[in-house]
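So you can see what is in the structure, the chains are spelled out below.
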Amino acid sequence: MPIYEYVCKECNHEFMVSLTLHEVEMKPTVRCPHCNSDKVGKKFSAFTAKTSKKS
Ligand SMILES: [Zn+2]
């Protein structure tokens, strides 16, 4: 399950949310767990980068 990073525009709190692709398509309202604001911006998570290669 992909993990998305969000940052709250109200209190600058950064948090992570795991959403299924189906949930993302439904454009869910994500709220800041700190101040409960829905003014959050999505960041791109490093978890989506492929790090499976080993040299
Ligand atoms: Zn907040």
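Provided above is the structure to which this section pertains.
Residues numbered from 1 in each chain as written. Predicted model: local features only at pLDDT ≥ 70, side-chain atom pairs only at ≥ 80, totals over all residues. Heavy atoms only, no water.

**Section: the sheet that holds strand β3 (residues 40-43)**
Reasoning step 1: With respect to topology, 3 strands assemble into an open sheet ordered β2-β1-β3, the strand pairing being antiparallel. In this open sheet, the two strands that pair with only one neighbour each are β2 (14-18) and β3. Sheet twist, expressed as the mean angle between neighbouring strand axes with direction ignored, is 35°.
Reasoning step 2: Relative to β2, strand β1 (residues 3-8) is paired through 5 bridges, and the arrangement is antiparallel. Of the residues in β2, the one forming a bridge with Tyr6 is Phe15. (Pairing = 2+ DSSP bridges. Helix = DSSP H or I, 4+ residues; strand = E, 2+ residues; numbered from the N terminus. Axes fitted to C-alpha atoms, helices over the stretch in contact; angles between N-to-C directions.)

**Focus on the side chain of Ser37**
Reasoning step 1: Position of Ser37 among the secondary structure elements: in the loop between α1 (21-25) and β3.
Reasoning step 2: Aside from chain neighbours lying at most four places away, what touches Ser37 is Cys8, Glu10, Val30, Arg31 and Cys32. (Contact = heavy atoms within 4.5 Å.)

**Section: the coordination of the zinc ion**
Reasoning step 1: Distances from the zinc ion to its protein donors, Cys8 (SG), Cys11 (SG), Cys32 (SG) and Cys35 (SG), fall at 2.3 to 2.4 Å.
Reasoning step 2: Around the zinc ion sit 4 donor atoms, and with donor-metal-donor angles ranging over 106 to 118° the site reads as tetrahedral.
Reasoning step 3: In primary sequence terms, the donor set of the zinc ion follows C-x2-C-x20-C-x2-C. Of this pair, Cys11 sits in the loop between β1 and β2 while Cys32 sits in the loop between α1 and β3, placing them 21 residues apart in sequence.
Reasoning step 4: You can call Cys11 partly exposed: its relative accessible area is 31%. (Donors = N, O, S within 2.8 Å, 3.2 Å for Na, K, Ca; no water. Tetrahedral: all angles 85-135°; square planar, octahedral: opposite > 155°, others 65-115°. Buried < 20%, exposed > 50% of the residue type's maximum accessible area, 1.4 Å probe, protein only.)

**A few points about the environment of Leu19**
Reasoning step 1: Tracing the sequence through the fold places Leu19 in the loop between β2 and α1.
Reasoning step 2: On the accessibility criterion, Leu19 (8% relative accessible area) is buried.
Reasoning step 3: Spatially, the C-alpha atoms of Leu19 and Ile3 are 6.4 Å apart, while their sequence positions differ by 16 residues.
Reasoning step 4: Here Leu19 is in contact with Met1, Pro2, Tyr4, Tyr6, Val24 and Pro28, once residues within four sequence places are set aside.

**Observations concerning unusual backbone geometry**
Reasoning step 1: We note that Asn12 has phi near 65°; this positive angle belongs to a residue other than glycine.
Reasoning step 2: By secondary structure assignment, the location of Asn12 is in the loop between β1 and β2.
Reasoning step 3: Take Asn12: its relative accessible area is 60%, and that puts it in the exposed class.
Reasoning step 4: If you check the backbone angles, Asn36 has positive phi at about 65° while not being a glycine.

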